[in-house]
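Structural overview
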Amino acid sequence: MRTTEVWDSPPIAINLKEVFLGFPGDPRWSSASRALKHKFTQDNNEVDPAPGSEFFNETKTLQKVVYSKLMEHAFSCSLKDLLVTRINMIFKPYDIDYHNVVKLDACLGTLKTMRCADSIRVWKTWINGWATSYRYHSTNLYPCLLGCHGEPDDFSHYVRCSHLYALCRFLISNTSADPLTRYGLANPCTDNYLIVCCVFGGYHAAHRLAVGGRIGPISKELLTGAQTRRLWSVFAEAFHAEARELGVQPRKFSLPQFISFLADNTTPIELPNHQGWQTPTLVGGFVRSEFPGNMLRGGSGEVNSQEICFGIYFVAHSCDLQRRVL
Ligand SMILES: [Zn+2]
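Definitions and cut-offs
- Residues numbered from 1 in each chain as written.
- Predicted model: local features only at pLDDT ≥ 70, side-chain atom pairs only at ≥ 80, totals over all residues.
- Helix = DSSP H or I, 4+ residues; strand = E, 2+ residues; numbered from the N terminus.
- Buried ≥ 20, exposed ≤ 12 C-beta atoms within 10 Å, placed from the backbone.
- Contact = placed C-beta atoms within 7 Å.
- Axes fitted to C-alpha atoms, helices over the stretch in contact; angles between N-to-C directions.
- Parallel < 35°, antiparallel > 145°, perpendicular 65-115°, else oblique.
- Left-handed = near helix turned anticlockwise from the far one by under 90°.
- Nonpolar A, V, L, I, M, F, W, Y, C, P; charged D, E, K, R; others polar.
- Core = buried A, V, L, I, M, F, W, Y, C linked by C-beta atoms within 7 Å.
- pLDDT = per-residue confidence, 0-100.

1. Description of the overall build of the chain
When you go through the chain residue by residue, the secondary structure sums to 14 helices and 0 strands. Mapped in sequence order, the helices and strands of the chain form the string α-α-α-α-α-α-α-α-α-α-α-α-α-α. Here the chain holds 326 residues, and 33% of them are scored as buried. Across the chain, every contact between residues at least 6 apart in sequence was considered, and the portion connecting residues at least 24 apart equals 65%.

In structure tokens:
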């Protein structure tokens, strides 16, 4: 008999009964308790065993069975689940189309064909595993280490960082303007994944330089011109070092040429053929507030406006950077 009208909690007998039933009224446990009950009934010749029955005394691996069912149903976390959670977090507030654009099975399948050391760097990129100061909640929070004003040293910025995109575009001329393709989530292919490894190496070399204090104190808002130049060079050197090992052939880097490249990019970077355009339309240099949250669902209608915005943004940044770094 329930006594909660008198006492402030149910009696111990009712608690024990709830435990035995696997908290069927609690959505966090109901799936596991149903599976467990089904398993016990199956193993007991299709008879639901009563509490304290011989079945429980005779089952030697009872704890193991309970543990495995609870883990399977109440604490399930597959690699794909983890990946979806992290990708959504990185590209927030945009929606990712996991049916037509980002096909995780194909991505993971391509990843498996790579060397372990390389696939780990791509995987770490996808799960927000770069050692950024924001992810580490560092006491010294840095701005974008590649020169964006007021942007954080955080991977959710780097996927859309116009300076990182410009560096990649300078080093590998056919770098995609679409960050999902650039980071290997759309149109997966190993050649692209090797470039992701180079970007990973380039960023972490720049990060080590910043953390090591060899370019002086860094303001939370903006790098100085000298710091920006040094970090670009270090990024490019590390990118080249990785590329040599991986058989990627980037363009030779020089600061004057790169600055000139920034100044010359007065036209929007081309995007893939609009015919049958299915890939997401988030592009490298966009201004976040100009795009609604559903743009990543694709659709050719928005591409032109994004190209234009990207072009304007890219040129504006190029001019700004030229003033600061020269
Ligand atoms: Zn940036």
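The rest of the description comes next.
2. Things to note about the packing of helix H11 (residues 190-211) against helix H12 (residues 225-246)
Between H11 and H12, whose axes approach to 7 Å, the crossing angle comes to 140 degrees. By the angle between their directions, the pair H11 and H12 is classed as oblique. You can see that H11 and H12 cross each other, and the crossing is right-handed. In contact with Leu194, Cys197, Cys198, Val199, Gly201, Gly202, Tyr203, Ala205, Ala206 and Leu209 of H11, H12 contributes Leu231, Val234, Phe235, Ala236, Glu237, Ala238, Phe239, Ala241, Glu242, Ala243 and Leu246. Considered class by class, the residues forming the contact of H11 with H12 number 17 nonpolar, 2 polar and 2 charged.

3. Considering the environment of Lys252
Summarising the element assignment, Lys252 is placed in the loop between H12 and helix H13 (255-264). On the neighbour-count criterion, Lys252 (8 C-beta atoms within 10 Å) is exposed. Linking Lys252 and His240, residues 12 residues apart in sequence, is a C-alpha distance of 8.2 Å.

4. What about the nonpolar core?
Of all hydrophobic cores here, the largest spans 56 residues; its most connected members are Leu146, Leu167 and Phe235. Only helix H5 (79-91), helix H7 (116-126), helix H8 (155-158), helix H9 (162-171), H11, H12 and H13 provide two or more residues apiece to this core. Setting aside anything within four residues of it in sequence, one finds Leu146 in contact with Cys161, His163, Leu164, Leu167, Leu231, Trp232 and Phe235.

5. Points about unusual backbone geometry
For residues other than glycine, phi is negative in most cases, and the peptide bonds are mostly trans. A cis geometry characterises the amide bond from Lys92 onward to Pro93, with omega recorded as 10 degrees. Locating Pro93 in the fold gives a position in the loop between H5 and helix H6 (104-112). Although it is not a glycine, Asn45 sits at a positive phi angle of roughly 55 degrees. Mapped onto the elements of the fold, Asn45 is located in the loop between helix H2 (30-43) and helix H3 (54-58). On the basis of neighbour count, Asn45 is assigned to the exposed category, with 8 C-beta atoms found within 10 Å.

6. Brief notes about the confidence of the model for the chain
Looking at the chain, pLDDT values average 79 and 79% of them are 70 or higher. Within the model, the stretch residues 267-326 combines pLDDT values under 50 with 108 contacts to residues more than four positions away or in other chains.

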